[in-house]
Each structure stands twice: as C-alpha cells, then as structure tokens.
Amino acid sequence: MSNIFKSCIDSIEYNDNQFEKNIRLTGWCFFDEGKAAELSILVNKEPIDFEITSIHRPDVLGLYQFHDSFEKIGFVITVPLEHIQFLKKVDVIAHSKNTSETIYSLSHNLLHKYHNRQVFHYSIDDIKNNHGQIVVSGFVYVPTLEHVTIELLNKAGRSVEYTYVPVRRSDVVELYQLDSNDKLIGFQVIFTSVDPKEAYSLKFIYQNDELIIPIIESKSVFSLAKSYIRAANPKRIQNAFNYLTREGFDRFLERLKKGPSQLSDPNGPLSYDEYHEWFNTMAPTSKVLESQKKYHFEFAPKISLIVATYNTDPSFLKAMIDSVINQTYSNWELCIADGSSNNQVEEYIRSHYDDQRIKFKRLHSNLGIAGNMNAALELCTGEYIAFFDHDDLLTPDALFENVKVLQNKNVKFVYSDEDKLISEIGIYKDPRFKPDFNLTLLRTQNYICHFLVVSKSLISRIGAFKSEYDGAQDYDFVLRASEVLKPKEIYHIPKILYHWRMHQASTAANPESKLYAFTAGKGLLKII
C-alpha cells in the first residue's frame, strides 16, 4: 500500500428521493508537505463527472504540523447518480504528478448504511440560552430550494410559539453549490423556556414530507469555512498584538499557555474555533515530533493499545489506526477484537494494513463492550495496556509522553487530558483539563476517562473488565484500581493527548445514544 497520500472521508450521504439521487462525500486528502491532491470518481469502475468544492482544513494541516501550508486540502464532493440504474461500487481516486491511488471505496452493501430518503438537508449550528430565552441557529433546505415550514415542539410533541427569523446563508449556498437567489435558507428560532430541563424539537415540513429532529448541535462542514475565516480575522490578530504590546512578551506567553478565552474579550464565552486554534499553537512542531522519533529511552516498554470494534465506520477506523501508526514512539502493538455483525472491519484492516504490530481477532459473536475489550486484552504482550475507543484519535506524541512518565517505574497508572473532535469538520472543542488524582472527585464522576495507560501487572492484580458494568466498564476498573494503588503510583499528564470523536452515535455528541452507560455508572456509585 502506498504512503504517498494521507486522506480521510469524514461523512457520507447517499441521497435518494423524488428530487435528487446522489452521493455527497466530505473529507480531505493531501500528499508531500500538505499539497492538495487532484481527485476523480469511478462509479461501477467507470469515470463520472462530479461537483467538488475545495475548502481549507487547518485542523488537518495543524495535526500534521504543516502550519505554513495554505492549500485547500478539504473537499465536498457531490456525485450525480440519476443515470445509474444499479449502483455496485464507488471509488475515490487521488492523483499527484506521477501517482494515482484509490483512497476510499464504497461497496453496494456499505452504501445502504448511508441511504437517506429524506428530502431535508439541515444543521443546527448554535444554541444559546440567555436566562431562559433560547436562540437556535441553523439552516434547512430541500433540493428544490422552496420554502420549508418549521414548527417548534415540546417534549409532549405539542407546538410551541416562537419567533422565526430568516437568515441569508451565502456560506452554505457556496459550499454546496446551490442555485439560490435569495439564499434565505438559514434560520433563527427564538423562544422562552421556563424549565431548563425541557427537551424541544424542530419539525421540518415540505409538501407531504416531515422530519422531527431534537434540538442539539449538529455541526456541518460549512462551519469549517466560517471558523477558518474567524481564525484569520484581522481584528483578532490586532487584539492579540495589542495585548503583546501592552503586557510584554512574557505575560503574552503566559496568557497563551492558559488557553483560549478570547483575547478580544477575556470574559467572553469559549468558542470552539478559538480552542482549536490554541491547541494547534501549543501542539509540538514537526521538528519536535521528528526529534521524539529519534529519542532513545533507557526504559522502552511495549505499550499494547486495546480496541473493541463493532460495525465501525471505515473512515473512523482508518483515522483511529493511522493515529497509532503516526506515533513518535514506535514500541507499541494495536490489539483489536471485533464483535461486528459483518466482516467489514476485518476486510478493511486486512486489505489496507500490513503492519505486524496490528493484531486482529474476529469474535464469533458480540460479547458486549467489556467482553470484547477482554478479548482484545488476550492479544496483548506489552508491559503496559492503553485503553482506546474504536472511533477516537491519539495525538502523535501521546505514547511518547506516557513513556516519559514511565521512566519512573513506580508509576502504574497514567492518565492525561482530552478534548472532543467534531466529526464532520475535524475541529477540536470542549477540552477537559483534569486535576491531579482526586479520590473524592473520582467517586462522584469518572473524570479520568481518556487517555488511560496502566501496567499489565495492575490488571493481573485487580482483574479485567466486568460485563455487568457494560458502558461503565472503564469507570469500574478505575475505581477498583484506586482502592489498591498508592498516590505515588498514579500520574496525571497535564496535556491534551486524546481526541474523543463526536458523532450522532457517540456519547461525546449525543449522551442519550448510550443511556445504558449512565445506568451502569449509577450502579457503580450506589455500590460505593
């Protein structure tokens, strides 16, 4: 397999309704030092014309330390399928000057997973609550670009009065190449809520089609263009320069290290694009990462990363594995136990990776999260075990930073800080800067979470994961570990080393997607 191209498909839509039949792909692809690749599409092994919008992806360029590149390596591709009677396969081909490579393939079976017969394209971009006045901002459109009626519903499904404000959304029109003159596809829904716990939904209506969606943020790729523009806003640059001039370099550097809280408004709310910018500013440079690769540790233990996969999206699977392969510390093994209902994960790994450090076991049935993790644990030969979710990402220096700590052989339990990754647009948000070990806090919530590395001897001592706590099996393990470990054996790395992916099926984006995890966690706390 060629290593010329780096790529990822972030989202897939297979739209098939009375108005449109197409596939929409968002993602990124580059080669060399952040150069954008030329792309082509094959449908049933035949080339086809398609629409593409190129976008900036500062998140990806920052992750790979190409801070000097201004190439538009991101894309939104729309592949028309009106004249395709039977869709067997779709291939995305990347081209450089001398090389071509298939970076993504969609089979007929996989396409059905993304099949969408709804006529609505929408996003809820922002939700603000100002002392009970709720403002919901977003957009919705249908392929005909005719008016879509919006209703606000309470938890009981009854209509609620609200103020509707139409908004021009030139960014969405441009990004998705819509043929619209007035561009009033954006909206603000403004209403008053007495009960902060009340759940509301939006109901979209167009002719005979209806769609009800909960009011939760669903960041879409157009937000990236906005955040990129804001990140390069001359006013913000000027504000930062004024702070530097007024306070001096040392104070400015200390202010930068404290994290993003809007230099233009120190008391203002934290915005996800500002944190993303701060993270990339504080991330190790390419030179630092290269020096880490060459560094020789006196104690260089093998770290076994355990992952339980279950019907994992191929793009998430690829990003997860690549984030391990890109580690600056190389003495690792990735141990994957797959309880999927099909062979998709196994076929993808075996066809895309030829690295002896990647160990894979196909389970005869889904054993649950704890059972699948225990199966992955059986593959491990390392002295230390790292807990890793199948759709998340590590920073390139994650293992290096842990091994630095493990030079102190008294340490048996290492955890670090984390943030969230908006899946569609690749923006980091919601950092969790954790305290050093605090048993009282731990007994009220699992603040340890990701990224956790423990000695294999600790697991042998207290046992592995318990199926009766599926969904909170990590929390159960951490609580049991806290009962036997001494404070000097626990270490907190105050750095973001883990990106927790947000998508609709994840608890990072939608806590209700896995309510059983909260139930299991409550059960643990009752025992305590």
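Throughout what follows, the structure given in this document is the object of discussion. (Residues numbered from 1 in each chain as written. Predicted model: local features only at pLDDT ≥ 70, side-chain atom pairs only at ≥ 80, totals over all residues. Heavy atoms only, no water.)

**Digging into helix 15 (residues 473-484)**
Note on helix geometry: an α-helix contains 3.6 residues per turn, so any two residues three or four positions apart are oriented the same way.
Okay, step 1: Compared with an ideal rise of 1.5 Å per residue, which puts 12 residues at 16 Å, helix 15 spans 17 Å between its outermost C-alpha atoms and is within 8% of the ideal.
Okay, step 2: Here helix 15 lies mainly inside the structure; 10 of its 12 residues are buried.
Okay, step 3: Among all positions in helix 15, only Gln473, Asp474, Tyr475, Asp476, Phe477, Val478, Leu479, Arg480, Ala481 and Ser482 are buried. (Helix = DSSP H or I, 4+ residues; strand = E, 2+ residues; numbered from the N terminus. Expected span 1.5 Å × (residues − 1). Buried < 20%, exposed > 50% of the residue type's maximum accessible area, 1.4 Å probe, protein only.)

**Section: the packing of aromatic side chains**
Here a ring pair, both rings aromatic, is described through the centre-centre distance and the interplanar angle of the planes.
Okay, step 1: Throughout the structure, instances matching the rule amount to 23 aromatic pairs.
Okay, step 2: Relative to Phe204, the ring of Phe120 lies with its centre 6.0 Å away and its plane at 40°, an arrangement referred to as tilted. Within this pair, whereas Phe120 is found in the loop between strand 10 (115-116) and strand 11 (121-130), its partner Phe204 is found in strand 17 (residues 201-206), the two being separated by 84 residues in sequence.
Okay, step 3: Here Phe413 and Tyr415 contribute two aromatic rings whose centre-to-centre distance is 6.4 Å and whose plane-to-plane angle is 70°, an arrangement assigned as edge-to-face. (Phe/Tyr/Trp six-rings, centres within 6.5 Å; stacked < 30°, edge-to-face > 60°.)

**Considerations on the pattern of salt bridges**
Okay, step 1: Taken as a whole and judged by the stated rule, the model has 21 salt bridges.
Okay, step 2: The closest approach of N and O atoms between Asp91 and Lys89, which form a salt bridge, is 3.8 Å.
Okay, step 3: Here Lys89 falls in the partly exposed class, since its relative accessible area comes to 33%.
Okay, step 4: Between Lys203 and Glu210 there is a salt bridge whose closest N-O contact spans 3.4 Å.
Okay, step 5: A relative accessible area of 17% means that Lys203 is categorised as buried.
Okay, step 6: Its relative accessible area of 45% is what places Glu210 among the partly exposed residues.
Okay, step 7: One continuous salt-bridge network, built from bridges that share partners, spans Asp338, Glu346, Arg350 and Arg362. (Salt bridge = Lys/Arg side-chain N within 4 Å of Asp/Glu carboxyl O.)

**A closer look at the sheet that holds strand 12 (residues 133-141)**
Okay, step 1: One open sheet holds the four strands; their spatial order is 11-12-16-15, and the pairing between them is antiparallel. The open sheet has two free edges, formed respectively by strand 11 and strand 15 (163-167), since each of these has just one partner strand. Looking at each pair of strands side by side, their axes are set apart by 20° on average, direction ignored.
Okay, step 2: Bridge count for strand 15 against strand 16 (residues 186-192) is five bridges, and the pairing is antiparallel. Bridging from a neighbouring strand, Tyr164 pairs with Val189 of strand 16. (Pairing = 2+ DSSP bridges. Axes fitted to C-alpha atoms, helices over the stretch in contact; angles between N-to-C directions.)

**Digging into unusual backbone geometry**
Both trends apply: most residues other than glycine have a negative phi, and most peptide bonds are in trans.
Okay, step 1: The residue after His450, namely Phe451, is reached through a cis peptide bond having omega 5°.
Okay, step 2: With phi around 55°, Asn44 is a residue other than glycine that occupies positive phi space.
Okay, step 3: Note on placement: Asn44 falls in the loop between strand 4 (38-43) and strand 5 (46-47).
Okay, step 4: Using a relative accessible area of 25% as the deciding quantity, one classes Asn44 as partly exposed.

**Description of the pairing of strand 21 (residues 358-362)**
Okay, step 1: Looking at chain direction, strand 20 (residues 332-338) and strand 21 are connected through five bridges and run parallel. The partner of Ala337 across the bridge, within strand 21, is Lys361.
Okay, step 2: In this fold, the crossover linking strand 20 to strand 21 by way of helix 10 (residues 344-352) has right-handed handedness. (Right-handed = clockwise from strand over helix to strand, strands pointing away.)

**Describing the side chain of Arg501**
Okay, step 1: In this structure, Arg501 sits in strand 27 (residues 490-502).
Okay, step 2: Buried charge without a partner: Arg501 forms no salt bridge, and the closest opposite charge is Asp10, 5.2 Å away.
Okay, step 3: Among the polar contacts listed, one links the side chain of Arg501 to the backbone oxygen of Asp391, at a separation of 2.7 Å. (Lys, Arg positive; Asp, Glu negative; His and termini not counted. Polar contact = N/O pair within 3.5 Å; in protein donor to acceptor, adjacent residues only side chain to side chain.)

**Here's the deal with the sheet that holds strand 18 (residues 209-214)**
Okay, step 1: The strand order 14-13-17-18 describes an open sheet built from four strands, whose pairing is antiparallel. What marks the edges here is a single partner per strand, and that holds for strand 14 (159-160) and strand 18.
Okay, step 2: Where strand 17 and strand 18 come together, six bridges link them in antiparallel fashion. Across the sheet, residue Lys203 finds its bridge partner in strand 18, namely Ile212.

**Focus on the packing of helix 9 (residues 314-325) against helix 10**
Okay, step 1: Across the interface, helix 9 lies against helix 10 with an axial gap of 11 Å and an inter-helix angle of 45°. Between helix 9 and helix 10, the angle falls in the class oblique. Two packed elements cross with a definite hand, and for helix 9 against helix 10 that hand is right-handed. Note on element contacts: helix 10 touches helix 9 through Gln344, Val345, Tyr348 and Ile349, opposite Pro314, Leu317, Lys318 and Ile321.
Okay, step 2: Residue composition of the contact of helix 9 with helix 10, grouped by class: six nonpolar, one polar and one charged. (Parallel < 35°, antiparallel > 145°, perpendicular 65-115°, else oblique. Left-handed = near helix turned anticlockwise from the far one by under 90°. Contact = heavy atoms within 4.5 Å. Nonpolar A, V, L, I, M, F, W, Y, C, P; charged D, E, K, R; others polar.)

**Digging into the nonpolar core**
Okay, step 1: Leu305, Ile321, Leu334 and Phe451 are the most contacted members of the largest nonpolar core, which has 37 residues in total.
Okay, step 2: Considering each element in turn, this core owes the most residues, five residues, to helix 12 (residues 398-405).
Okay, step 3: If sequence neighbours within four positions are ignored, Ile321 has contacts with Leu334, Ile336, Ile349, Tyr353 and Ile358.
Okay, step 4: In this structure, Ile306, Leu442, Val454 and Ile490 belong to the second largest nonpolar core, which totals 33 residues. (Core = buried A, V, L, I, M, F, W, Y, C linked by side-chain atoms within 4.5 Å.)

**With respect to the environment of Tyr498**
Okay, step 1: Mapped onto the elements of the fold, Tyr498 is located in strand 27.
Okay, step 2: For Tyr498, the residues in contact, after removing those within four places along its chain, are Phe387, Phe388, Asp389, Asp392, Leu393, Leu394, Thr395, Asp417, Glu418, Asp419, His450 and Phe451.
Okay, step 3: A distance of 3.2 Å separates a polar atom in the side chain of Tyr498 from the backbone nitrogen of Asp389.

**Concerning the environment of Ile325**
Okay, step 1: With respect to the element layout, Ile325 can be found in helix 9.
Okay, step 2: Take Ile325: its relative accessible area is 29%, and that puts it in the partly exposed class.
Okay, step 3: Taking the C-alpha atoms as reference points, Ile325 and Arg357, separated by 32 residues in sequence, lie 9.2 Å from one another.
Okay, step 4: What Ile325 contacts, discounting residues up to four positions off in sequence, is Trp332, Tyr353 and Ile358.

**Examining the side chain of Glu401**
Okay, step 1: Looking at the secondary structure, you find Glu401 in helix 12.
Okay, step 2: For Glu401, a relative accessible area of 6% gives the class buried.
Okay, step 3: There is a polar contact of 3.0 Å between the side chain of Glu401 and the side chain of Lys495.
Okay, step 4: Glu401 has contacts with Gln292, Ile493, Lys495 and Leu497, leaving out every residue within four places of it along the chain.

These results come straight from atomic positions and should not be treated as a statement about function.
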